[in-house]
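One-letter residues, chain by chain:
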Amino acid sequence: MLFSPDSLVAEPAEDFAALHPMETLLAVSGITKRFGGVVALDGVDLALTRGRVLGLLGANGSGKSTLSRIIAGEVAPDGGTLELEGAVLRHASPQAAARRGIVIAHQHPSLAPDMPVWENIFLGSEICSSSGFINRAEGRRKAAALLDDLGSRMDIDSPAGTLPAAGQQLVEIARALARAPRLLILDEPTAALAAAEVARLFAAIQRLTAQGIGVIFISHRLGEIEEICDDIVVMQNGRTAGAWTTSGRLDEARILSLMTGDPDAVLRPIARRIVGEPVLKLQNLRAGIAVRGVDLELRRSEIVGLAGLQGQGQAELLEVIAGHRRIDGGTLWHRDRAVSPALPRDMIRRGVCLVPDDRLRQGLFSDESVGENLGFVKVALAKRPWTLPLTELTRLASDAIRRLLIKTEGPDQLVSALSGGNQQKVVIGKWLATDIEVLLLSDPTKGVDIHARSEIYSIIGELAAGGTTALIFASEIQELLLHCDRILVMYEGRIVEELTGEAMTEPRIMAAAFGRTKR
């Protein structure tokens, strides 16, 4: 168990399970916060009950992360009050908040990349012997136990910076759990996790709440909110837009309306298009151990979904097509011509462009401006980039901002200052400088809110209507069902099922994802 004396540094200060289950743990009243001229929070109220999970929903930029950072002591509020168990909180640092039992696991882990995994888990709360020295053996044992509870068998001695995104997220969560929280804040904890890892995390959360520990759970995945949350608060423009206790399936239209402030906001499927001639074809394509013989054909103006459990070769297949991975066997055809790309540039020049699944590490130059990111492809592909007029690059950036509805102060704003959804639009927008024939998208809406998700799929639909073919891997099955002309399911590096029309159902997809196809 996560909180047995054998697996953690310390026990919670109280026997929470013996307390009244509906007693308020955290009360937030009238919290305000401004950053310069920007109002981030404008009188936010909410309450978290002991032993319950509170789902915090809202568009990117609605104030969720700012509120969670205030509760965790990372940011000081300008006004309002926080109370923990009836006592006013005035902690001025994360360390002070942690001493009160308030711990946060961030969406983007802040790990020490050169330090081993186990040291990252206990960084700042090291386990020491009676003589005052760090007890390395005990720290390693407890780190391994924490990760085991989360379903991970990673090497605890490997540098944290060498881990993939999912591994780093698990280390961030384990570090929060190691502090024996009374109030745990999880900010988009599942964005990088596979289904099995999510299930183990949810089991851990249920063990926490059984002890009376309160959890604030921030996610854009409504299916997860339905599964794990007891209560919901929706935020919009720094204010509390609605709150209720969950019961059964969530009303997506109601949530979207509250998030956007538009009572008529709805999620609309992409309109069907006239599908044209074949543009890309794979025959027994193989690459490493991830892609083990894939056959598929993509046609002009078609939107094709790539489904399956995470880790079945979907992301790797997109990287092979985009020229990021070497082809070991089989044939990749582009317009009836076999091609063997040596570099991504070879496929980009053919109009085959990749939107990777990790926008921060693979899709953006975070220290550069929005305009520089949008103009990068144009500059990189130009024979004499130094001759490109600055006015042309400025126009390109301004056109992309307008066309994709990127919410920014202008082309000169740092891309790192944008919300996740708008950053993803920039990743897509940089390809507008080319003639996009095939757009490959690897989990394009991971970590973005439901409204931004709808806007991103509208962009994909607009491109498809103009002749672009889209191949989309998405971890959310409902996205594919809503937006795709057909769905291909991958299992162990192969496409094991192709579904169209009425056969495109969640049960059929899930059966194929577990290797049980209907023949």
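Before reading on, note that the structure itself is shown above.
Cut-off values and rules
- Residues numbered from 1 in each chain as written.
- Predicted model: local features only at pLDDT ≥ 70, side-chain atom pairs only at ≥ 80, totals over all residues.
- Heavy atoms only, no water.
- Helix = DSSP H or I, 4+ residues; strand = E, 2+ residues; numbered from the N terminus.
- Rg over C-alpha atoms; globule rule 2.2 N^0.38 Å.
- Buried < 20%, exposed > 50% of the residue type's maximum accessible area, 1.4 Å probe, protein only.
- Contact = heavy atoms within 4.5 Å.
- Areas by Shrake-Rupley, 256 points an atom, 1.4 Å probe, with all protein chains shown as cover.
- Lys, Arg positive; Asp, Glu negative; His and termini not counted.
- Charge placed at Lys NZ, Arg CZ, Asp CG, Glu CD.
- Expected span 1.5 Å × (residues − 1).
- Patch = residues over 30% accessible without salt bridge, like charges linked within 9 Å, V, L, I, M, F, W, Y side chains within 5 Å.
- Salt bridge = Lys/Arg side-chain N within 4 Å of Asp/Glu carboxyl O.
- Pairing = 2+ DSSP bridges.
- Axes fitted to C-alpha atoms, helices over the stretch in contact; angles between N-to-C directions.
- 1 Å grid on protein atoms, 1.4 Å probe; cavity = no way out; pocket = protein on both sides within 12 Å on 5 of 7 lines; lining within 4 Å.
- Points joined across faces, edges and corners; volume = space filled by probe spheres on them.
- Nonpolar A, V, L, I, M, F, W, Y, C, P; charged D, E, K, R; others polar.
- Phe/Tyr/Trp six-rings, centres within 6.5 Å; stacked < 30°, edge-to-face > 60°.
- Lys NZ or Arg CZ within 6 Å of the ring centre and 35° of its normal.

A.B. asks: What should I look at first to understand the overall build of the protein chain in this one?
C.D. replies: Broken down by element type, the protein chain carries 17 helices and 20 strands. For 519 residues, the compact-globule formula gives about 24 Å, and the C-alpha radius of gyration of the protein chain, at 24 Å, lands near that figure. Across its three principal axes, the protein chain shows a C-alpha extent of roughly 70 × 50 × 50 Å. Burial statistics for the protein chain: of 519 residues in total, 54% are counted as buried. Residue pairs at least 24 apart in sequence account for 68% of intrachain contacts in the protein chain once pairs closer than 6 positions are excluded. Of the roughly 22,600 Å² that the protein chain leaves accessible, carbon and sulfur atoms contribute 50%. Across the protein chain, the mean location of the 57 positive side-chain charges is 4 Å away from that of the 64 negative side-chain charges.

A.B. asks: Can you help me understand unusual backbone geometry in this one?
C.D. replies: In terms of backbone geometry, most residues other than glycine have negative phi values and most peptide bonds are trans. Backbone geometry at Asp336 places phi at a positive 65°, although glycine is not the residue there. Turning to its location among the elements, Asp336 is positioned in the loop between β14 (329–334) and β15 (338–339). Judged by its relative accessible area of 75%, Asp336 falls in the exposed class. One non-glycine residue, Leu405, adopts positive backbone phi at about 55°. In this fold, Leu405 is placed in the loop between α13 (390–403) and α14 (420–429).

A.B. asks: Honestly, helix α5 (residues 165–177) in this entry has me stumped. Any pointers?
C.D. replies: One full turn of an α-helix is made of 3.6 residues, so residues set three or four places apart face in the same direction. When the terminal C-alpha atoms of α5 are compared, their 19 Å separation across 13 residues agrees well with the 18 Å that a helix rising 1.5 Å per residue should span. With respect to burial, α5 is a largely interior element, twelve of its 13 residues being buried. The complete set of buried residues in α5 reads Ala166, Gly167, Gln168, Gln169, Leu170, Val171, Glu172, Ile173, Ala174, Arg175, Ala176 and Leu177. Tucked inside the fold, the buried residues of α5 contact β6 (102–105), α3 (117–121), α4 (136–149), β7 (183–187), α6 (195–210) and α11 (359–363).

A.B. asks: In this structure, what is going on with a positive patch on the surface? I would like to understand it.
C.D. replies: Together, Arg345, Arg349, Lys383 and Arg384 give the surface a local cluster of positive charge. By secondary structure assignment, the location of Arg349 is in the loop between α10 (344–348) and β16 (352–355). Among the residues examined, Arg349 registers a relative accessible area of 53% and is labelled exposed.

A.B. asks: Could you clarify how one ought to interpret the sheet that holds strand β10 (residues 239–245) in this entry?
C.D. replies: Strand pairing in a sheet takes place through backbone hydrogen bonds and is either antiparallel or parallel in direction. Taken in spatial order, the six strands of this open sheet run β6-β7-β8-β3-β9-β10, and their pairing is mixed. Strands with a single pairing partner mark the edges of an open sheet, and in this sheet they are β6 and β10. Each strand axis lies, on average, 20° off the axis of its neighbour in the sheet, ignoring direction. As defined by bridge partners, β6 adjoins β7 across four bridges and the pair is classed as parallel. Paired with Ile102 across the two strands is Leu183, which belongs to β7. Set on the sheet, helix α8 (residues 252–260) makes contact with β3 (53–58), β9 (231–236) and β10; between it and β9 the angle comes to about 40°.

A.B. asks: Would you take a moment to explain the environment of Arg136 for this structure?
C.D. replies: Residue position: Arg136 is located in helix α4. Owing to a relative accessible area of 47%, Arg136 belongs among the partly exposed residues under this scheme. Taking the C-alpha atoms as reference points, Arg136 and Trp118, separated by 18 residues in sequence, lie 9.0 Å from one another. Each residue touching Arg136, except ones within four places of it in the same chain, is listed here: Trp118 and Glu119.

A.B. asks: Quick question: what am I supposed to make of empty space enclosed by the protein here?
C.D. replies: Empty space left among the atoms is revealed by rolling a probe the size of a water molecule over them. In the structure shown here, the tally under the stated rule is two cavities of 30 Å³ or more. Considered as a void within the structure, the largest cavity measures approximately 100 Å³ in volume. Lining of the largest cavity is provided by 16 residues; of these, Arg221, Thr445, Lys446, Gly447 and Arg453 occupy positions nearest its centre. Looking at the lining of the largest cavity residue by residue, the class counts come to three nonpolar, six polar and seven charged. Estimated volume of the second largest cavity: approximately 30 Å³. Forming the boundary of the second largest cavity are Leu57, Gly58, Ser219, His220, Leu222, Ile255, Met259, Asp449 and Ile450.

A.B. asks: I would appreciate a short explanation of helix α12 (residues 370–381) in the present structure.
C.D. replies: Among all positions of α12, only Val370, Gly371, Asn373, Leu374, Gly375 and Val377 are buried. Buried-residue contacts for α12 involve α13 and α14.

A.B. asks: Looking at this structure, how should I read the packing of aromatic side chains?
C.D. replies: The description of an aromatic ring pair rests on the distance of the ring centres and on the angle between the ring planes. Evaluation of the coordinates by the stated rule reveals two aromatic pairs. With a centroid separation of 5.8 Å and 75° between ring planes, the pair formed by Phe202 and Phe217 is classed as edge-to-face. On the criterion of sequence distance, the pair formed by Phe202 in helix α6 and Phe217 in strand β8 (residues 214–218) is long-range, its members being 15 residues apart. Phe217 carries the same exposure label as Phe202, and that label is buried. Sitting over the ring of Phe35, Lys33 keeps its end group 5.4 Å from the ring centre. Over the ring of Trp244 we find Arg254, and its NZ or CZ is 3.8 Å from the ring centre.

A.B. asks: I would appreciate a short explanation of the pairing of β10 in the present structure.
C.D. replies: On any regular strand, side chains alternate: one points to one face of the sheet, the next to the other face. Of the pairings in the sheet, the one linking β9 to β10 comprises six bridges and is antiparallel in character. The residue bridging Asp231 from the neighbouring strand is Thr245, located in β10.

A.B. asks: Looking at this model, I keep getting lost on the pattern of salt bridges. Mind explaining?
C.D. replies: Across all of its chains, the model carries 32 salt bridges by this definition. With a closest N to O distance of 2.9 Å, Arg50 and Glu85 form a salt bridge. Of this pair, Arg50 sits in the loop between β2 (38–49) and β3 while Glu85 sits in the loop between β4 (79–84) and β5 (87–88); the two residues are 35 residues apart in sequence, bridging distant segments of the chain. For Arg50, a relative accessible area of 5% gives the class buried. A relative accessible area of 28% means that Glu85 is categorised as partly exposed. Between Lys378 and Glu392 there is a salt bridge; the shortest N-O distance is 3.3 Å.

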